[in-house]
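Structural features, examined
So you can see what is in the structure, the chains are spelled out below.
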Amino acid sequence: MRNKIYPFYFTLGALALYIVFVVLPGFLGVAYSFTDWNRYSTEVNFVGLDNFKTIFSSGENYLDYIQNTLFFASCTIFLKTVFGLLLAILLNYGVRRLSHLYRVVIYLPVVLPTIVVGLVFRSILNPRTGFLNEFFRSIGLEALAQPWLTNPDIAMLSVIGVDTWKGVGYIMVILLAGLQTIPEEYYEAAEIDGASAFARFRFVTLPLLVPALTVVTVLNLLYGLRVFDMVYVLTGGGPGYATDVVFTAVFDEFSKGRYGVGTALSSVLFIVMTVAGFFIVRQLTRDPVEA
Amino acid sequence: MLLNNKTNKLLQGTRNNLIAIFACLLVVIPVYLVVVNSLKDSAGARTMSAALPQSLHFENFNTVIERGKLAQTFQNSMLYATSATVISSILASMAAYVLSRNKSRLNRFVYFFVVMGIAMPMNFFTLTKIMQLTHLINTQVGIIILYAATQIPFNIFLIYGFVDAIPRELDEAAIIDGCGPYRLFFWVIFPLLVPVIVTAGVLSFVGIWNDFLLPLYYLNNSAYWPMTLAVYNFFGQFQQDWNLVSADIVLTVLPVLIIYLLGQRFILSGLTAGAVKG
């Protein structure tokens, strides 16, 4: 009876698109990782683990790309969470009337195309003529004027900074919603018990915010591991390979026609993220009734 | 203790507002720079300074629309974002409805399997192969289908939770009245799902409008380019003329900005739907 009212074929359209264009390429990619697939030959030969050996050998730069990706992901997770939380607390408890307006403004960069944000910051961070360095010079802090995107030591940090600028509003909004689920009475009770402001934050806010903080970390992680646009536009992976991440390297392999290594590199990320995703999605899709 | 409680509160409030205003300024300054410089001449915009333009060069926008082929790219972006959003919203809501209403073993697995898609990164190499096999590569239909497919996991996740909130008694009443599955869904359930579908739709639309990656890989023909890819290419040609680049940016961002300001309620509620539940 149920199958008649709620027929399975209703799911088939979505399922077909999802399987053909999302799942299949992923698994097919794992299979092709063991081949010498490239643009210049129609033949595809099995080469065993060669591509993975290339990726994990110290002679190549791939390990650096993976390391850069992990560095980018962990820094942006940390910065967005800390600043997002501070802003959320400020907007929830600190300000009254204009809270909604602040929220709309701070969220704004999230809806801007990354490509555009990257272009604008390329101009702002220009060492000679950029707004930021001009600003530092005009207030007498010349020492702070840096070649933000061209110095290999700080280029990645600059990319992380711009990405935080763009993404922090998103995190703030989710944490803000989390804060709003905490009942006022808990704070009142804690205050009566003589808890200081810090103690209230540590023992009331933080524990009750764990679900929202988890979601935020997961979202930032999934985004950070597959970052592409921001790096591509700001630095193109340079100077040298200082800011190259997995997906800029993948794009590079794609342009050069080296499909075998490229698909192996994609597959490393695919396997890691699918396994991580398995546990994350199990949490996400848990039935509230059972939990 | 010198200050009485009231002044203390007032001071705190002022300080908090100042911090919030500072945060807003950090957001607004880059936006301001782009807008101001889009109205200058080429020499004035060279350093993208915050100074106001000496005279207003509205003709920059005409130049950009012509040379950046913005009419064409706007149409493309609109076509991709609208069609893919409609397709994925309808397919995802149909699927989410059945998966949520009939929680059989198979359906629970299917739901889990689809939501896994949120975590899966793309493999552009094998996806190219599939696009070639299906003759969708370098076509507008292809990019629309691809966008619809990428939106499905999150949309199903978002809508699924919402279906439970619709009372089953409605289904039963409709069936007694002789509704078939299609009628039941499209006439009874779908209208009730509109709020969450609007949220899913706005999020999809903005995401697709802002995307740069898929056209970069799968649209070689510049006549098919969306605004994001076109603005990047325009920058490549007119790096020296930041007034024109700024004008191009303003026009590229304007549609999403309008949608954001009109639909912020839906955007902000959609984000929090997943977070607060857990």
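If you're wondering where the values come from, they're calculated on a predicted model, not measured in any experiment.

1. Quick notes on the overall build of chain B
Helices and strands together make up the secondary structure of chain B, namely 11 helices and 0 strands. Listed N to C, the secondary structure of chain B is α-α-α-α-α-α-α-α-α-α-α in terms of helices and strands. In terms of overall dimensions, chain B is more spread out than a globule: its C-alpha atoms have a radius of gyration of 24 Å, far above the 19 Å expected for 278 residues. Principal-axis analysis of the C-alpha atoms places the extent of chain B at approximately 70 × 70 × 35 Å. Buried positions account for 46% of the 278 residues belonging to chain B.

2. Some words on the confidence of the model for chain B
Residues and elements named next belong to chain B. Across chain B, the average pLDDT comes to 87, with 95% of residues at 70 or higher. Predicted confidence in chain B is weakest over helix 11 (residues 242-277), with a mean pLDDT of 78, and strongest over helix 3 (residues 70-101), with 94. Across the predicted assembly, pTM comes out at 0.88 and ipTM at 0.86.

3. Quick word on the interface of chain A and chain B
In this complex, chain A contributes 79 residues to the contact, which on the side of chain B involves 79 residues. Among the elements that take part in the side of chain A that touches chain B, helix 14 (residues 259-284) of chain A stands out by supplying 15 residues, more than any other. Split by residue class, the side of chain A that touches chain B holds 56 nonpolar, 19 polar and 4 charged.

4. Considerations on the packing of helix 2 (residues 12-32) of chain A against helix 14 of chain A
Residue and element names in this part refer to chain A. Interhelical geometry of helix 2 versus helix 14 gives an angle of 125° and a closest axis separation of 8 Å. In terms of orientation, helix 2 and helix 14 fall into the oblique class. Classified by chirality, the crossing of helix 14 by helix 2 is left-handed. Residues Gly26, Gly29, Val30 and Tyr32 of helix 2 touch helix 14, and the partners they reach there are Thr263, Ser266, Ser267 and Phe270. For the contact of helix 2 with helix 14, the residue count by class is 3 nonpolar, 5 polar and no charged.

5. Digging into the environment of A:Val47
Residue and element names in this part refer to chain A. For Val47, the position within the fold is in the loop between helix 2 and helix 3 (50-56). Exposure remark for Val47: the 16 C-beta atoms within 10 Å place this residue in the partly exposed category. As a C-alpha pair, Val47 and Tyr32 span 15 residues in sequence and 9.8 Å in three-dimensional space. Setting aside residues no more than four positions away along its own chain, Val47 makes contact with Phe34, Thr35 and Asp36.

Parameters at a glance
- Residues numbered from 1 in each chain as written.
- Chains lettered and ligands numbered in written order.
- Predicted model: local features only at pLDDT ≥ 70, side-chain atom pairs only at ≥ 80, totals over all residues.
- Helix = DSSP H or I, 4+ residues; strand = E, 2+ residues; numbered from the N terminus.
- Rg over C-alpha atoms; globule rule 2.2 N^0.38 Å.
- Buried ≥ 20, exposed ≤ 12 C-beta atoms within 10 Å, placed from the backbone.
- pLDDT = per-residue confidence, 0-100.
- Contact = placed C-beta atoms within 7 Å.
- Nonpolar A, V, L, I, M, F, W, Y, C, P; charged D, E, K, R; others polar.
- Axes fitted to C-alpha atoms, helices over the stretch in contact; angles between N-to-C directions.
- Parallel < 35°, antiparallel > 145°, perpendicular 65-115°, else oblique.
- Left-handed = near helix turned anticlockwise from the far one by under 90°.

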